[in-house]
Amino acid sequence: LILYLNMHLRIVYILILGLVFVGCKEEKTKTVTPVVIESVVEKVATSTYEDLKGNPIELSDYKGKRVLLSYWATWCRPCIEEMPDMEKAQTILEKENYVFLFASDQSVKKIMAFKEARGFQLDFIKFNGMYAEKNVSALPATFIYNEVGEQVLRFDGGLKWDSPEMIEKLRAVQ
């Protein structure tokens with residue numbers, strides 16, 4: 001009988017303890033704070049290139065001109081080292097129907113900061129694609145297009161752009 005009462009007392013004790021825990025549980029009220037979600041509209045590039053003001057550019061915009069298009073980056077030492085020579089070549093060829101473009105896939109903000117810091121008088125543009133699409137695996141990579149928009153030359157790596165030999169190669173582009 002004592003064993004029987006002891007077992008029932010344990011069961012009663014456990015039930016009472018359970019009720020105390022459940023009944024004494026503090027109810028927490030949650031305060032819902034409204035969250036303002038900002039709508040971020042990201043500009044999706046629809047052109048291959050854009051100028052530093054965000055205007056779309058395509059190489060076809062330059063039909064009738066010869067185009068030197070250099071892919072570069074602000075962190076690329078050979079790219080930066082060849083820019084003074086490219087400025088000189090641009091000056092030499094300015095009356096020979098040439099347009100020099102310098103395309104980077106970095107942000108416009110970064111390109112602008114580079115241009116301001118370095119002071120180069122070059123036409124920097126933003127490239128909205130991937131270098132692999134242009135078969136570029138190392139920088140700088142420079143492409144020369146003739147007046148009908150056909151790629152006729154390609155140069156990989158930093159070069160001496162204002163050398164007489166290079167100027168003659170560029171002048172010979174048909």
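Anyway, here's the lowdown on the structure attached to this text. In this text the structure is predicted, and so the values were computed from the model without any measurement. (Residues numbered from 1 in each chain as written. Predicted model: local features only at pLDDT ≥ 70, side-chain atom pairs only at ≥ 80, totals over all residues. Heavy atoms only, no water.)

### Points about the sheet that holds strand 7 (residues 151–156)
Then comes step 1: Read from one edge to the other, the open sheet built from 7 strands follows the order 2-1-5-4-3-6-7, with strand pairing classed as mixed. The open sheet has two edge strands, strand 2 (56–57) and strand 7, and neither has a second partner.
Then comes step 2: In this sheet, strand 5 (residues 124–127) lies alongside strand 1 (residues 49–50) in antiparallel orientation, the contact comprising 2 bridges. Residue pairing in the sheet places Tyr49 in a bridge with Phe127 of strand 5.
Then comes step 3: Sitting on the sheet, helix 3 (residues 108–118) touches strand 1, strand 4 (98–104) and strand 5, and the angle it makes with strand 5 is about 160°. (Pairing = 2+ DSSP bridges. Helix = DSSP H or I, 4+ residues; strand = E, 2+ residues; numbered from the N terminus. Contact = heavy atoms within 4.5 Å. Axes fitted to C-alpha atoms, helices over the stretch in contact; angles between N-to-C directions.)

### With respect to the packing of aromatic side chains
Then comes step 1: Under the defined criterion, the tally for this structure stands at 12 aromatic pairs.
Then comes step 2: Summarising the aromatic geometry, the rings of Tyr49 and Phe127 are spaced 5.4 Å apart at their centres and angled 35° between planes, so their arrangement reads as tilted. Of the two residues, Tyr49 sits in strand 1 while Phe127 sits in strand 5, which places them 78 residues apart along the sequence.
Then comes step 3: Here Phe127 and Tyr131 contribute two aromatic rings whose centre-to-centre distance is 5.6 Å and whose plane-to-plane angle is 25°, an arrangement assigned as stacked. When sorted by exposure, Phe127 lands in the same class as Tyr131, which is buried.
Then comes step 4: Among the aromatic side chains, those forming a connected cluster through ring pairs are Tyr49, Tyr71, Phe127, Tyr131 and Phe143. (Phe/Tyr/Trp six-rings, centres within 6.5 Å; stacked < 30°, edge-to-face > 60°. Buried < 20%, exposed > 50% of the residue type's maximum accessible area, 1.4 Å probe, protein only.)

### Considerations on the packing of helix 2 (residues 77–93) against helix 4 (residues 164–171)
Then comes step 1: The N-to-C vectors of helix 2 and helix 4 enclose an angle of 50°; their axes lie 11 Å apart at closest approach. Taken as axis vectors, helix 2 and helix 4 run oblique relative to one another. In this structure, helix 2 crosses over helix 4, and the sense of that crossing is right-handed. In this structure, helix 2 contributes Ala89, Ile92 and Leu93 to the contact, and helix 4 contributes Ile167, Leu170 and Arg171.
Then comes step 2: Taken together, the residues that form the contact of helix 2 with helix 4 break down as 5 nonpolar, no polar and 1 charged. (Parallel < 35°, antiparallel > 145°, perpendicular 65-115°, else oblique. Left-handed = near helix turned anticlockwise from the far one by under 90°. Nonpolar A, V, L, I, M, F, W, Y, C, P; charged D, E, K, R; others polar.)

### Examining the environment of Pro84
Then comes step 1: Along the chain, the position of Pro84 falls in helix 2.
Then comes step 2: Taking the C-alpha atoms as reference points, Pro84 and Phe120, separated by 36 residues in sequence, lie 7.6 Å from one another.

### Side note on helix 2
Then comes step 1: With 17 residues, helix 2 should reach 24 Å at 1.5 Å per residue; the first-to-last C-alpha distance of 25 Å fits that figure.
Then comes step 2: The axis of helix 2 is deflected most strongly, by about 35°, at Met83, and proline Pro84 appears within four residues downstream.
Then comes step 3: Of the positions making up helix 2, those classed as buried are Cys79, Ile80, Glu82, Met83, Asp85, Met86, Ala89 and Leu93.
Then comes step 4: Buried residues along helix 2 sit in contact with strand 3 (66–71), strand 4, helix 3, strand 5, strand 6 (141–145) and helix 4. (Expected span 1.5 Å × (residues − 1). Bend = angle between axes of the 7 residues up to and from the residue.)

### Regarding the state of the cysteines
Then comes step 1: Overall, the coordinates contain 1 disulfide when judged by the stated rule.
Then comes step 2: Between the sulfur atoms of Cys76 and its disulfide mate Cys79 the distance is 2.2 Å. Its S-S torsion of approximately 80° makes the covalent link between Cys76 and Cys79 right-handed. The pair Cys76 / Cys79 is uniform in exposure class, with both members buried. (Disulfide = S-S within 2.5 Å.)

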